[in-house]
Amino acid sequence: MSVQQLQKFYFRLALGREQFLRHYQGRANAVQVRTECDRLVRFPAGRLRPFLTHNGIHGRFCLTVDADNRFVDLKPAD
């Protein structure tokens, strides 16, 4: 049995409520961010729904992907 290689990417996001609603309503289905290690990553916008507040989505997050760059987890960092 092999150990699965996971990669973690940290990024900050400041997305206003109206901006996120475009994603939520299906007009845009992906979010692209620049990580703290200066890499662009893209993931489904729906993965951000749990973090939506009245002010939008703001904070530092950790995106975890597997060896095939498939989504594993997204959670607040810090």
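Quick caveat: nothing in here was measured; it's all calculated off a predicted structure.

Novice: Hey, could you go over the sheet that holds strand E5 (residues 71-76) for me, with residue numbers and the actual values?
Specialist: Spatial strand order, E1-E4-E5: three strands in an open sheet with antiparallel pairing. On the outer flanks of this sheet lie strand E1 (7-15) and E5, each paired with one strand and no other. The sheet shows a mean angle of 25 degrees between the axes of neighbouring strands, direction not considered. In this sheet, strand E4 (residues 57-65) lies alongside E1 in antiparallel orientation, the contact comprising nine bridges. Pairing of alanine 14 across the sheet is with histidine 58, part of E4.

Novice: An account of the side chain of arginine 60 is requested, with residue identities and associated values reported.
Specialist: By secondary structure assignment, the location of arginine 60 is in strand E4. Given a relative accessible area of 18%, arginine 60 falls into the buried group. A polar atom in the side chain of arginine 60 sits 2.6 Å from the side chain of glutamate 36. Contact partners of arginine 60, with chain neighbours within four places excluded, come to Tyr10, Phe11, Arg12, Glu36, Pro76, Ala77 and Asp78.

Novice: Report on the packing of aromatic side chains, specifying residues and quantitative values.
Specialist: With the rule as written, the count across this model stands at three aromatic pairs. With centroids separated by 5.8 Å and ring planes inclined at 40 degrees, the aromatic side chains of phenylalanine 11 and phenylalanine 43 adopt a geometry described as tilted. With a gap of 32 residues between them, phenylalanine 11 in strand E1 and phenylalanine 43 in strand E3 (residues 40-44) connect regions that are remote in the sequence. Of the two residues examined, phenylalanine 11 and phenylalanine 43, each falls in the buried class. In textbook terms, an aromatic cluster arises when at least three aromatic residues are bridged by ring pairs, as seen for Phe11, Phe43, Phe51 and Phe61. Positioned above the aromatic ring of phenylalanine 71 is the side chain of arginine 47, whose terminal nitrogen or guanidinium carbon lies 3.9 Å from the ring centre.

The rules behind the values
Residues numbered from 1 in each chain as written. Predicted model: local features only at pLDDT ≥ 70, side-chain atom pairs only at ≥ 80, totals over all residues. Heavy atoms only, no water. Pairing = 2+ DSSP bridges. Helix = DSSP H or I, 4+ residues; strand = E, 2+ residues; numbered from the N terminus. Axes fitted to C-alpha atoms, helices over the stretch in contact; angles between N-to-C directions. Buried < 20%, exposed > 50% of the residue type's maximum accessible area, 1.4 Å probe, protein only. Polar contact = N/O pair within 3.5 Å; in protein donor to acceptor, adjacent residues only side chain to side chain. Contact = heavy atoms within 4.5 Å. Phe/Tyr/Trp six-rings, centres within 6.5 Å; stacked < 30°, edge-to-face > 60°. Lys NZ or Arg CZ within 6 Å of the ring centre and 35° of its normal.

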